[in-house]
Amino acid sequence: MKRLIIVAAVTAAALLNAACITIIGVDDADYRWTGESAQAFDDAKRDCRRAVGASDEGSTAFVTCMADKGWTRVRD
């Protein structure tokens, strides 16, 4: 029984750690995106580019769109 509790605790810790992800933007090294239980990054970025415009990734509208999909932009 003790072994089962240990395995369950380790598994839960691994899953919680995997739920948070950080992606450093390729286009702008001064920013990174972080998200927890967020939509897949590439899909969110593609959808927001379509909604806002590909050249407006630094705009408030793009950042808000990404936030709606679970991503937050953080300045290093």
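See the structure printed just above.
Residues numbered from 1 in each chain as written. Predicted model: local features only at pLDDT ≥ 70, side-chain atom pairs only at ≥ 80, totals over all residues. Heavy atoms only, no water.

Q: Could you give me a rundown of the state of the cysteines, with the residues and numbers involved?
A: If you walk through the whole model with that rule in mind, you get 1 disulfide. Note that Cys 48 is cross-linked by a disulfide to Cys 65, the S-S spacing being 2.1 Å. Its S-S torsion of approximately -90° makes the covalent link between Cys 48 and Cys 65 left-handed. Of the two residues, Cys 48 is situated in helix H2 (residues 41-52) and Cys 65 in helix H3 (residues 60-68); the sequence distance between them amounts to 17 residues. Of the residues examined, Cys 48 reaches a relative accessible area of 0% and is grouped as buried. Under the relative-accessibility criterion, Cys 65 is labelled buried at 16%. (Disulfide = S-S within 2.5 Å. Helix = DSSP H or I, 4+ residues; strand = E, 2+ residues; numbered from the N terminus. Buried < 20%, exposed > 50% of the residue type's maximum accessible area, 1.4 Å probe, protein only.)

Q: Before we move on, can you summarise the packing of aromatic side chains with the specific residues and values?
A: Two aromatic rings are characterised by how far apart their centres lie and by the angle between their planes. A complete count under the given rule lists 3 aromatic pairs for this structure. Ring geometry for Trp 33 versus Phe 62: centroids 6.1 Å apart, planes at 70°, classification edge-to-face. Of the two residues, Trp 33 sits in strand E2 (residues 31-36) while Phe 62 sits in helix H3, which places them 29 residues apart along the sequence. Just as Trp 33 is buried, Phe 62 falls in that class too. Note on Phe 41 and Trp 71: the rings are 5.1 Å apart at their centroids and 80° apart in plane angle, and the pair reads as edge-to-face. Highlighted residues: Phe 41 in helix H2 and Trp 71 in strand E3 (residues 71-75), separated in sequence by 30 residues. Summarising the burial analysis for this pair, Phe 41 and Trp 71 share the class buried. A network of ring pairs unites the aromatic residues Trp 33, Phe 41, Phe 62 and Trp 71 as a single cluster. (Phe/Tyr/Trp six-rings, centres within 6.5 Å; stacked < 30°, edge-to-face > 60°.)

Q: Summarise the pattern of salt bridges; cite the residues concerned and give the values.
A: Across all of its chains, the model carries 4 salt bridges by this definition. Between Asp 43 and Arg 46 there is a salt bridge, with the nearest N and O atoms lying 3.1 Å from each other. Here Asp 43 pairs with Arg 46, and both are found in helix H2, just 3 residues apart, close to one helical turn. For Asp 43, a relative accessible area of 31% gives the class partly exposed. Here the residues in one salt-bridge network are Asp 43, Arg 46 and Asp 47, joined through shared partners. (Salt bridge = Lys/Arg side-chain N within 4 Å of Asp/Glu carboxyl O.)

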